[in-house]
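Single-letter residue listing:
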Amino acid sequence: MTADTPGSLSTPGGISDPGLIKLVNRLQDVFTTVGVNNPIDLPQIVVVGSQSSGKSSVLENIVGRDFLPRGSGIVTRRPLVLQLINRPAQSHANGVGVEKQLADSTDKAANAEEWGEFLHIPGQKFFDFNKIRDEINRETEAKVGRNAGISPAPINLRIYSPNVLNLTLVDLPGLTRVPVGDQPRDIERQIRDMILKYIQKSNAIILAVTAANVDLANSDGLKLAREVDPEGQRTIGVLTKVDLMDEGTDVVDILAGRIIPLRLGYVPVVNRGQRDIDNKKPINAALEAEKNFFESHKAYRNKSSYCGTPYLARKLNLILMMHIKQTLPDIKARISSSLQKYTQELESLGPSMLGNSANIVLNIITEFTNEWRTVLDGNNTELSSTELSGGARISFVFHELYSNGVKAVDPFDQVKDVDIRTILYNSSGASPALFVGTTAFELIVKQQIKRLEEPSLKCASLVYDELVRILSQLLSKQLYRRYPQLKEKIHAVVIAFFKKAMEPTNKLVRDLVAMEACYINTAHPDFLNGHRAMAIVNERHNPPRPVQVDPKTGKPLAATPARAGSPTPGGSADSEQSNTGFFGSFFAAKNKKKAAAMEPPPPTLKASGTLSEREGIEVEVIKLLISSYFNIVKRTMIDMVPKAIMLNLVTYTKDEMQKELLENMYRQSELDDLLKESDYTIRRRKECQQMVESLTRASEIVSQVQ
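Residues numbered from 1 in each chain as written. Predicted model: local features only at pLDDT ≥ 70, side-chain atom pairs only at ≥ 80, totals over all residues. Heavy atoms only, no water.

- Under the annotation held in an unreviewed UniProt entry, the protein chain carries the name Vacuolar protein sorting-associated protein 1 and is attributed to Thermothielavioides terrestris.

A look at the overall build of the protein chain
Working step 1: If you tally the helices and strands in the protein chain, you get 24 helices and eight strands.
Working step 2: Per-residue burial over the protein chain gives 43% buried out of 706 residues.
Working step 3: Here the contacts in the protein chain between residues at least 6 apart in sequence split such that 82% fall between residues at least 24 apart.
Working step 4: Surface exposure of the protein chain reaches about 37,600 Å², of which carbon and sulfur atoms provide 52%. (Helix = DSSP H or I, 4+ residues; strand = E, 2+ residues; numbered from the N terminus. Buried < 20%, exposed > 50% of the residue type's maximum accessible area, 1.4 Å probe, protein only. Contact = heavy atoms within 4.5 Å. Areas by Shrake-Rupley, 256 points an atom, 1.4 Å probe, with all protein chains shown as cover.)

Looking at the pattern of salt bridges
Working step 1: A full pass over the atoms with the stated rule returns 21 salt bridges.
Working step 2: Among the salt bridges present, the one from Lys-55 reaches Asp-171, with a minimum N-O distance of 2.9 Å. Within this pair, whereas Lys-55 is found in helix α2 (residues 55–63), its partner Asp-171 is found in strand β5 (residues 167–171), the two being separated by 116 residues in sequence. Like Lys-55, the residue Asp-171 is buried in the burial classification.
Working step 3: Put simply, Glu-345 and Arg-684 hold a salt bridge, and the shortest N to O gap is 2.7 Å. Highlighted residues: Glu-345 in helix α10 (residues 309–349) and Arg-684 in helix α24 (residues 679–703), separated in sequence by 339 residues.
Working step 4: In the salt-bridge network here, residues are joined through shared partners; they are Arg-78, Glu-135, Arg-138 and Glu-139. (Salt bridge = Lys/Arg side-chain N within 4 Å of Asp/Glu carboxyl O.)

Quick notes on α10
At 3.6 residues per turn, the α-helix brings residues three or four places apart onto the same side.
Working step 1: Here α10 spans only 52 Å end to end across 41 residues, well under the 60 Å set by a 1.5 Å rise per residue.
Working step 2: Where α10 bends most, the angle comes to about 50°, and this point is Thr-327, followed within four residues by the proline Pro-329.
Working step 3: Downstream of α10 by a residue or two, Gly-350 has a phi angle that is positive, lying close to 80°. (Expected span 1.5 Å × (residues − 1). Bend = angle between axes of the 7 residues up to and from the residue.)

Focus on the environment of Leu-119
Working step 1: Summarising the element assignment, Leu-119 is placed in the loop between β3 (115–118) and α4 (129–144).
Working step 2: Linking Leu-119 and Asp-29, residues 90 residues apart in sequence, is a C-alpha distance of 7.7 Å.

Some points on the packing of aromatic side chains
Working step 1: This structure, assessed with the given rule, holds 11 aromatic pairs.
Working step 2: Ring geometry for Trp-115 against Tyr-160: centres 5.2 Å apart, planes inclined by 20°, an arrangement best described as stacked. With a gap of 45 residues between them, Trp-115 in strand β3 and Tyr-160 in strand β4 (residues 155–161) connect regions that are remote in the sequence.
Working step 3: An aromatic cluster of three or more residues is present, and its members are Phe-368, Trp-372, Tyr-464 and Phe-498.
Working step 4: When the ring centre of Phe-129 is taken as reference, the NZ or CZ atom of Arg-65 above it lies at 3.9 Å.
Working step 5: The cationic tip of Lys-201 hangs over the ring face of Tyr-198; the distance from NZ or CZ to the ring centre is 5.7 Å. (Phe/Tyr/Trp six-rings, centres within 6.5 Å; stacked < 30°, edge-to-face > 60°. Lys NZ or Arg CZ within 6 Å of the ring centre and 35° of its normal.)

Focus: the sheet that holds β4
Working step 1: Pairing is mixed across the open sheet formed by eight strands, whose spatial order is β3-β4-β2-β5-β1-β6-β7-β8. Two strands bound the open sheet, and with one partner strand each, they are β3 and β8 (266–268). On average, adjacent strands in this sheet sit at an angle of 25° to one another, irrespective of strand direction.
Working step 2: In this structure, strand β7 (residues 235–240) lies alongside β8, joined through three bridges in parallel fashion. From the neighbouring strand, Leu-239 faces β8, where its bridge partner is Pro-268. (Pairing = 2+ DSSP bridges. Axes fitted to C-alpha atoms, helices over the stretch in contact; angles between N-to-C directions.)

Side note on helix α6 (residues 220–228)
Working step 1: Within α6, burial applies to Asp-220, Gly-221, Leu-222, Leu-224 and Ala-225.
Working step 2: Where α6 is buried, its residues meet β1 (44–48), α5 (187–199), β6 (204–211), β7 and β8.

Examining the pairing of strand β2 (residues 80–86)
Working step 1: Taking burial as the measure, the seven residues of β2 include six buried ones, the bulk of the element.
Working step 2: Here β2 runs beside β4; their pairing, made up of seven bridges, is parallel. Along β4, the bridge assignment pairs Leu-82 with Leu-157.

A short note on unusual backbone geometry
Working step 1: Backbone geometry places Lys-241, a non-glycine residue, at a positive phi of 60°.
Working step 2: Inspection of the secondary structure assignment puts Lys-241 in the loop between β7 and α7 (252–255).
Working step 3: With a phi close to 60°, Lys-280 is a non-glycine residue in the positive phi region.
Working step 4: Tracing the chain through its elements places Lys-280 in the loop between α8 (274–278) and α9 (283–296).

A word on the nonpolar core
Working step 1: Phe-368, Ile-490 and Phe-498 are the most contacted members of the largest nonpolar core, which totals 69 residues.
Working step 2: In terms of residue count, the dominant contributor to this core is helix α22 (residues 613–665) (18 residues).
Working step 3: In contact with Phe-368, not counting residues within four places along its chain, are Leu-471, Leu-474, Leu-475, Tyr-480, Ile-490, Val-494, Met-657 and Leu-661.
Working step 4: Formed by 62 residues, the second largest nonpolar core is a distinct cluster that contains Phe-126, Leu-157, Val-164 and Leu-167. (Core = buried A, V, L, I, M, F, W, Y, C linked by side-chain atoms within 4.5 Å.)

Quick look at the packing of helix α14 (residues 438–450) against helix α17 (residues 484–518)
Working step 1: Look at α14 against α17: their axes get within 9 Å of each other, and the N-to-C directions meet at 170°. With respect to α17, the element α14 is oriented roughly antiparallel. Listed contacts from α17 to Lys-446, Ile-449 and Lys-450 of α14 are Val-513, Glu-516, Ala-517 and Cys-518.
Working step 2: Residue classes in the contact of α14 with α17 are distributed as four nonpolar, no polar and three charged. (Parallel < 35°, antiparallel > 145°, perpendicular 65-115°, else oblique. Nonpolar A, V, L, I, M, F, W, Y, C, P; charged D, E, K, R; others polar.)

Remarks on the pairing of β6
Working step 1: With eight of eight residues buried, β6 is to be regarded as a mostly interior element.
Working step 2: Both faces of β6 are covered, namely the face carrying Ala-204, Ile-206, Ala-208 and Thr-210 and the face carrying Ile-205, Leu-207, Val-209 and Ala-211.
Working step 3: One ladder, built from five bridges, connects β1 with β6; its direction is parallel. In the sheet register, Val-47 faces β6, and the bridge partner there is Leu-207.
Working step 4: Examined bridge by bridge, β6 and β7 share six bridges and lie parallel to one another. When the bridges of β7 are listed, Ala-208 appears paired with Gly-237.
Working step 5: Handedness of the crossover joining β6 and β7 through α6 is recorded here as right-handed. (Right-handed = clockwise from strand over helix to strand, strands pointing away.)

Laid out in structure tokens, this is it:
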């Protein structure tokens, strides 16, 4: 059994102030009437259980009146937020309208002291509780139709009565396992998701209704409650159908917490059976029968004051009031922070009434161009500490992507040594060259310089992409979301402006490459000239011999004379090597007899075989000269191309942006169209206004509680 006593459910000073529940009801009304989602999780009791557990009977017993729809299948198809408000009986005369309603009522228990009101029909009182049931059915079908579908949109019902305690209960659809009839195939998941949405909120008290004549471990309501409240800290169990248990069995072990313990305990109740409902047995008679059952049952009579619906109502009333008392400071803080948040958003959306359209557009253009300059210059006040942005990304393109891209161009990845040899022979014409050919050097260098055009144009394209990126970031602000046509116009004008600036930018970049290719400046101070290149190659092939010293005198010895048999100029060794040169390599593959026949050269004559020593030296010299000059050109391009792009594209947009926007946008006939607000802005401003009004009223309500 639970530790509390009947006396503890009276109203201890300060804790169970009935005004607290009224306060939460007022807060609930505030957020419901404006048609916006409640941003504050208010304390409430959420009723869960399977379809056959007796949820509806428990609620009707607490209210003391029949008012909930009944039938087979899913009857509760929308959440019912039930606010019970205790109102002492009045002795004054009733109005004419009330008397007429009571006279026309089909509800035998109808009286002037008890009535219901729906939040969606403000001001209309329902004294006939049969009409409350009809209105719940009508409002449900208005949202989900006559089929077995469900909707998360709640129905708010207030019941005023001297016979109820102040409570806020949320009745949810009963858990079902197998779709029946025209129920949706995923009806179990839909109901489960809806229930979880309500009970996973920390401010919700879970009222898990379970039939006592089934195994507690199979209780759908308790199983779902355990998912969000595994310790059972905010779950209270209600055991229905205690009178239908087998002879000799009872729920004493469950009440004592020996089966599935809950901190808030369990309360056993006895509801009307289906025959009682069909026979229209009054609820007051059912409550009397429930009281007699517990007082006369041998297992419960000693603790009968802890059993039954009246005890359940008092217990729920106390639990809810204590819960509200505990959560009120947090509710106040959340209302305050939410009010601040929505007020700021409302200010950012701006007023709905526009001023002078010409001034607004002019100010927006001026503000946009100022932001454009500050982002490119790095003076933006909203600098990111996590990533590069604006002008810093353009610098990255210049000094990382483009610089490394140009440096990676290897002049010899496409021109091989044999190709250089062929170019050397071709450039010397009919007479073999005596010195390394200038023509071959210039030809190869110019070919390689032209390869720098592609990465240079790619650099300009990447900078263009970065400018478009900056444009998109600037236009993502709330101001441009408010005016979609203005945003589209600015975007179109600026993109066209960029494209127009790209033409001279690309031309200047191409001209820079063409300038380098059209004139090879071999007098450049950093260029490695031919004599120096030849000396370097000779040193590689003929490294200086170390001078030998006479160990006795310490004087250098005379040079060793050439060994006998060493090749001499014009000797047989040279004659042998002549066959390994450019032409020799062709004839080496032929039969010497055929060579002697002086056959004509083939249609296509290509170099083959290895390079001779002289050819190797010439190729090395050419490669040294090409590398030296190509490195000079690379440095020049890495320096000049970014300057060209900055001049004709980046700086140009900074200087001319405002003029371009004014010329293309500041036309009197188009200004009003540009300032048409988006549907989102109009809708969102209305939502924020409603939320600010609701939160302001909520703040006034909670500020009354000290």
